[in-house]
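Observations on the model geometry
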Amino acid sequence: MVIAKIRSAVWILIALLCSTSAFAQERPYTLLERELEYLMETWPGDFNNREQVQFDADTGKSDYDSGAHLHVHGQVSRVGLPVFGEHVLYVEEYQNDDPKSVFRERLYVLSADEIEKAIRIKIHFLNDKKKWLGAHDTPSILNGIKPDDTTTNTACDLLLRRDGAYLTGSIQDRACTSSEGEEEISSEYQIRVGEDSYAFRSRFLSTETGEEVLAIAGFQWHTLRRARWFQCMIDFPYKAGKPAMYTEHYARVHDQGGTFSFTHPEKRPMTLSMRNRWSYGMQRGTFVIKVHDGGESDPDLVYGWGQPGDDRIGVNPGWIRVQCDLDTEKNRALQRGLRPDS
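Structural notes, computed from the coordinates.

Here we come to the layout of surface pockets. Reported here for the largest pocket is a volume of approximately 350 Å³. Every residue lining the largest pocket is counted, 17 residues in all, and those nearest its centre are Arg 106, Phe 125, Cys 176, Ser 187 and Phe 204. Among the elements of the structure, strand S4 (102-113), strand S5 (118-126), strand S9 (177-180), strand S10 (183-193) and strand S11 (197-206) are those that each provide at least two residues to the lining of the largest pocket. If one sorts the elements of the lining of the largest pocket by residue count, S4 sits on top with four residues. Of the residues assigned to the lining of the largest pocket, the class counts are 10 nonpolar, five polar and two charged. The volume enclosed by the second largest pocket comes to roughly 280 Å³.

What follows deals with the nonpolar core. Counting residues in hydrophobic clusters, the biggest one holds 28 residues, and the most contacted among them are Trp 43, Tyr 108, Leu 110, Ile 121, Leu 158 and Ile 191. At four residues, helix H2 (residues 31-42) tops the list of elements feeding residues into this core. When near neighbours in sequence (up to four residues on either side) are disregarded, Tyr 108 contacts Trp 43, His 87, Val 88, Leu 89, Val 91, Ile 121, Lys 122, Ile 123, Leu 158 and Tyr 189. The next biggest cluster of nonpolar side chains, apart from the first, holds 20 residues, and it includes Phe 230, Ile 234, Phe 262 and Leu 272.

Each value, and the rule that gives it
- Residues numbered from 1 in each chain as written.
- Predicted model: local features only at pLDDT ≥ 70, side-chain atom pairs only at ≥ 80, totals over all residues.
- Heavy atoms only, no water.
- 1 Å grid on protein atoms, 1.4 Å probe; cavity = no way out; pocket = protein on both sides within 12 Å on 5 of 7 lines; lining within 4 Å.
- Points joined across faces, edges and corners; volume = space filled by probe spheres on them.
- Helix = DSSP H or I, 4+ residues; strand = E, 2+ residues; numbered from the N terminus.
- Nonpolar A, V, L, I, M, F, W, Y, C, P; charged D, E, K, R; others polar.
- Core = buried A, V, L, I, M, F, W, Y, C linked by side-chain atoms within 4.5 Å.
- Buried < 20%, exposed > 50% of the residue type's maximum accessible area, 1.4 Å probe, protein only.
- Contact = heavy atoms within 4.5 Å.

Just geometry here; none of it tells us what the structure is for.
Below, the structure written as structure tokens:
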């Protein structure tokens, strides 16, 4: 009887401890905190507006004066920098497929602002821009960075709020100011983040009059679509006209306008391009790869197409074979296994 009572007391104690532990783990999260976690999971990646630029060209917009957009590649990475905060993103944007042509490089420190009912993004402007370039692909570049290596201004914070399927926000009206000669100007910068894209637009206003001083591409939205990375094998026959192939190049290319330049064994320069183009005739998106005779703007020699979202695509006209698979560790290993002697 005594043993039974002891056992009963022990089981009650265990149940109480377990329930207390479970209760302690169920920390109540606010809606904004959940939105913040969602944004940190959703936003990171590579983005490009190649098709937006194509639409400009198709409608006769050839330069910025005629309303054409900048061609922008955006890279957003979640980085572990506790000295800045728990939720930190590294953002790098460059133009015209040239990683050296960077026009925006920032650290974003995010937090849930319950007073403003918004996700607050504190922008850290990097004092030495060249020192930290490339951190999207090589995060270790940011090792050792400190808040003193950046400049911040609370008036330049972005406040994001839910707007349907997007989180949208902007700098507070005419709050983020700087001096341009004798004139004080304010920055108006807006962003919109969704699962498959993010967009921005930017301009500068006279703080005194509110008149526009400078607008990036006419203050239009630059809409960058999320890019998927593919690992591509570029193969050539051992002998012209023969089916046996060897792999000359393993290329990593993204599907939103990514390119890879190479040289044919006959010393002929070529370029592989990959895009998700709009087909006007069929009124739908089409996943396309091309091999160009020279650069991307030169005529194509061969191309293949599939459906947006496909995880593989390729061409094989005989004189070249291109196989592209979604870039995963497994697919990279399988590709290497196809041509172990290459």
